[in-house]
Amino acid sequence: MGAFYFTVIGVIALVFLFMALINRYRRCPSDKILVIYGNKGSKTSAKCVHGGGAFVWPIIEDYAYMSLTPISIDANLTNALSRQNIRVDVPCRFTVGISTEPDSMLAAAERLLGQSAQQIQELARDILFGQLRLVIATMSIEELNSDRDKFLEAISANVEVELKKIGLRLINVNVTDIKDESGYIEALGQEAAAKAINEAKVRVAEQEKLGEIGKAEAVRETRIRTAEANAEAVKGENEAKIEIANSESNRREKEAEAQRRAIAAEKVAQAQALKEAYAAEQQAEEARADRERSTQTANVIVAQEIEKKRLVISAEAEAEQKRVNAKGEADAIFAKMEAEAKGLYEVLTKQAQGYDKMIQAAGGDPTQAYTLLLLEKLPELVKTQVEAIKGINIDKVTVWDNGGGSTDGKTSTASFLSGLMKSVPPLSDLFEQAGMSLPEYIAKKKEEEAPKADEPKD
């Protein structure tokens, strides 16, 4: 039980440790920069993450956020010397923010981390004032007043470099009215206004002159156009009368042509109607012929196709029946042969077991066992010898015996009968052919009788 409690406590501790490690993973919002610091093993003083997340090791690391919200700074510069040594007032509004470039984020983490927006605004204002004075000192009043694009580009080029050192970037510059203490800019304005007024008066006079000339030319043009219009009107009336006469002639001609075309169209329509009627009758006759042809086809060809399909189905059924019968016969033959093989196997197995027991009964001597087996079959062998001559059909035997004898003292009749009996294989020869020999007492008795048979008779 104690080991079980320790195991449960260990699992709970691991779960708490795992949850604590998960809680140390910090995600960075899109409008902030996550700054992780405290790890001396890192190559930089801090690790900056934007738009992602990172794991913060407990105890050895800590983290903080820097806001990317833009900061608006009013830089109303006064008494700044221009290149002409004229003091000017330049009211500006700058919009800056922390940059998301890797080097700039690291610089902001080193110099602005922990600073409030007000403190960052004051620090940036000092930099902006200094750079703004440098830019104004390199430009004349005319350039400051008229070439605002050049002025803004110079401000951006100088201010951007200095702001980047503390991790900031310039977002926007808005310069309002520039003023000077000597009234030079105002005088330039008055000069420009007078020049514009004079140029306007000249343009007005030019326009009035052009108006009078145009008016006279318009009167002359009106009288010329009126006379030409009257002449054109008379000419137009005459041409209109001619056009009316031509139009009337064309009307009559077109009416006659239209009537002719109408009559011709009527004739063509009648002919076309007859043609379509004849074509309709022809189509009707062709349809009737097709119907008759289809009827004949349905009565003859369809019946033949049905008969053909019936024959094919009957042939397939007969073939399938033959295949089934053949398979049944084959299965029956296989079953019969398998049964015969099993029966033969049983017979041979029993015979082998009987031979094995016979050899055991003969004391393990196979020769004695074969002898016993042959003795068991001896009546059948003798019967076989008798059957060998039993089937000889001897209807009549005529023996001419002259009374003479052979060298062994036997008559011809006795020799004939002796040879006949010798045609039956002797029992000893049968044993020898089987690879065996007669029992010893039978063999000795045969040998004793053999000399007696060879002895000559007195």
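About the cut-offs
- Residues numbered from 1 in each chain as written.
- Predicted model: local features only at pLDDT ≥ 70, side-chain atom pairs only at ≥ 80, totals over all residues.
- Heavy atoms only, no water.
- Helix = DSSP H or I, 4+ residues; strand = E, 2+ residues; numbered from the N terminus.
- Contact = heavy atoms within 4.5 Å.
- Areas by Shrake-Rupley, 256 points an atom, 1.4 Å probe, with all protein chains shown as cover.
- Core = buried A, V, L, I, M, F, W, Y, C linked by side-chain atoms within 4.5 Å.
- Buried < 20%, exposed > 50% of the residue type's maximum accessible area, 1.4 Å probe, protein only.
- Pairing = 2+ DSSP bridges.
- Axes fitted to C-alpha atoms, helices over the stretch in contact; angles between N-to-C directions.
- Patch = residues over 30% accessible without salt bridge, like charges linked within 9 Å, V, L, I, M, F, W, Y side chains within 5 Å.
- Salt bridge = Lys/Arg side-chain N within 4 Å of Asp/Glu carboxyl O.
- Phe/Tyr/Trp six-rings, centres within 6.5 Å; stacked < 30°, edge-to-face > 60°.
- Parallel < 35°, antiparallel > 145°, perpendicular 65-115°, else oblique.
- Left-handed = near helix turned anticlockwise from the far one by under 90°.
- Nonpolar A, V, L, I, M, F, W, Y, C, P; charged D, E, K, R; others polar.

S.K.: Before we go on, may I ask you to explain the overall build of the protein chain in this structure?
M.R.: Each helix and strand counted, the protein chain has 11 helices and nine strands in total. When contacts within the protein chain are restricted to residue pairs at least 6 apart in sequence, long-range pairs at least 24 apart make up 64% of them. Carbon and sulfur atoms make up 57% of the accessible area of the protein chain, which amounts to about 34,400 Å² in all.

S.K.: Help me understand the nonpolar core in this model?
M.R.: As a rule of thumb, nonpolar side chains are buried together in soluble globular proteins. Grouped together as the largest cluster of nonpolar side chains are 41 residues, with contacts concentrated most on Ile136, Phe151, Ile155 and Leu163. Of all the elements in the fold, those that place two or more residues in this core are strand S2 (32–37), strand S6 (71–81), strand S7 (87–98), helix H2 (102–111), helix H3 (117–137), helix H4 (141–146), helix H5 (148–164) and strand S8 (168–175). Of the residues forming this core, the biggest block, seven residues, is contributed by H3. Beyond its immediate stretch of four places on either side in the chain, Ile155 contacts Phe94, Leu132, Val135, Glu160, Val173 and Val175. Core analysis: the second largest hydrophobic core is formed by six residues, Cys28, Ile36, Val49 and Ala54 among them.

S.K.: Explanation requested: the environment of Val96 in the structure shown.
M.R.: Turning to its location among the elements, Val96 is positioned in strand S7. When its relative accessible area of 0% is taken as the criterion, Val96 is described as buried. For Val96 and Ile171, which are 75 residues apart along the polypeptide, the C-alpha to C-alpha distance reads 5.2 Å.

S.K.: It is not clear to me how the sheet that holds strand S5 (residues 62–67) should be interpreted in this structure. Could you clarify?
M.R.: Spatial ordering of the open sheet is given by S3-S2-S5, a layout of three strands whose pairing is antiparallel. This sheet does not close on itself; its edge strands, each paired only once, are strand S3 (46–49) and S5. Adjacent strand axes in the sheet meet at a mean angle of 25°, parallel and antiparallel pairs treated alike. One ladder, built from four bridges, connects S2 with S3; its direction is antiparallel. When the sheet's bridge partners are listed, Leu34 is paired in S3 with Val49. In this fold H2 packs onto S2, S3 and S5, with an angle of close to 125° to the strand it touches most, S3.

S.K.: Just to check I follow, could you spell out a nonpolar patch on the surface for this structure?
M.R.: Together, Val11, Val15, Phe18, Met19 and Ile22 make up a nonpolar patch on the protein surface, roughly 460 Å² of accessible area in all. By the element assignment, Val15 lies in helix H1 (residues 2–23).

S.K.: For this particular structure, what's the right way to read the packing of aromatic side chains?
M.R.: Given two aromatic rings, one states the distance between the centres and the angle between the planes to describe the pair. Overall, the coordinates contain one aromatic pair when judged by the stated rule. When the ring of Tyr63 is compared with that of Tyr65, the centres are 5.9 Å apart and the planes differ by 80°; the resulting orientation is edge-to-face.

S.K.: Explanation requested: the pairing of S2 in the structure shown.
M.R.: Consecutive residues of a regular strand have side chains that alternate between opposite faces of the sheet. Here S2 pairs with S5 via six bridges, running antiparallel. Each bridged residue has a counterpart across the sheet, and for Ile33 the counterpart in S5 is Met66.

S.K.: I would appreciate a short explanation of the environment of Thr295 in the present structure.
M.R.: Turning to its location among the elements, Thr295 is positioned in helix H6 (residues 184–361). Owing to a relative accessible area of 33%, Thr295 belongs among the partly exposed residues under this scheme.

S.K.: Is there a simple way to explain the pattern of salt bridges in this structure?
M.R.: Note on pairing: side chains with opposite charge can pair once their charged atoms come close. Evaluation of the coordinates by the stated rule reveals 21 salt bridges. Ionic pairing is found between Lys164 and Glu101, a salt bridge with its closest N-O pair at 3.9 Å. Highlighted residues: Lys164 in helix H5 and Glu101 in the loop between S7 and H2, separated in sequence by 63 residues. Given the relative accessible area of 44%, Lys164 is considered partly exposed. According to the relative accessible area criterion, Glu101 is partly exposed, its value standing at 42%. In this structure, Asp290 and Arg293 form a salt bridge, with 2.6 Å as the shortest nitrogen-oxygen distance. Linking Asp290 with Arg293, this pair stays in helix H6, spanning three residues, or about one helical turn. By relative accessible area, Asp290 is classed as partly exposed at 40%.

S.K.: Looking at this structure, how should I read the packing of H3 against H5?
M.R.: Between two packed helices, both the angle of their axes relative to each other and the distance between the axes serve to describe the pair. Remark: H3 packs on H5, axes separated minimally by 9 Å, with the N-to-C direction vectors making an angle of 140°. As judged from the angle between their axes, H3 and H5 are oblique. Our pair here, H3 against H5, has a crossing hand that is right-handed. Seen from H3, the contacting residues are Ala124, Ile127, Leu128, Gln131, Leu132, Val135 and Ile136; seen from H5, they are Phe151, Ala154, Ile155, Asn158, Val159, Glu162 and Leu163. The class makeup of the residues in the contact of H3 with H5 is 11 nonpolar, two polar and one charged.

S.K.: I'm lost on the side chain of Gln121 in this one. Help?
M.R.: Along the polypeptide, Gln121 turns up in helix H3. Since its relative accessible area comes to 15%, Gln121 is described here as buried. Beyond its immediate chain neighbours, meaning those up to four positions away, Gln121 contacts Ile71, Ser72 and Ile73.

S.K.: Would you explain the pairing of S6 in this entry?
M.R.: Two strands pair when backbone bridges link them, and S6 and S7 are joined in this way by nine bridges, in the antiparallel orientation. Within S7, the residue paired with Ser72 across the bridge is Thr95. In this antiparallel pair of consecutive strands, S6 and S7, the connection spans five residues, and Asn85 shows a positive phi of 60°.

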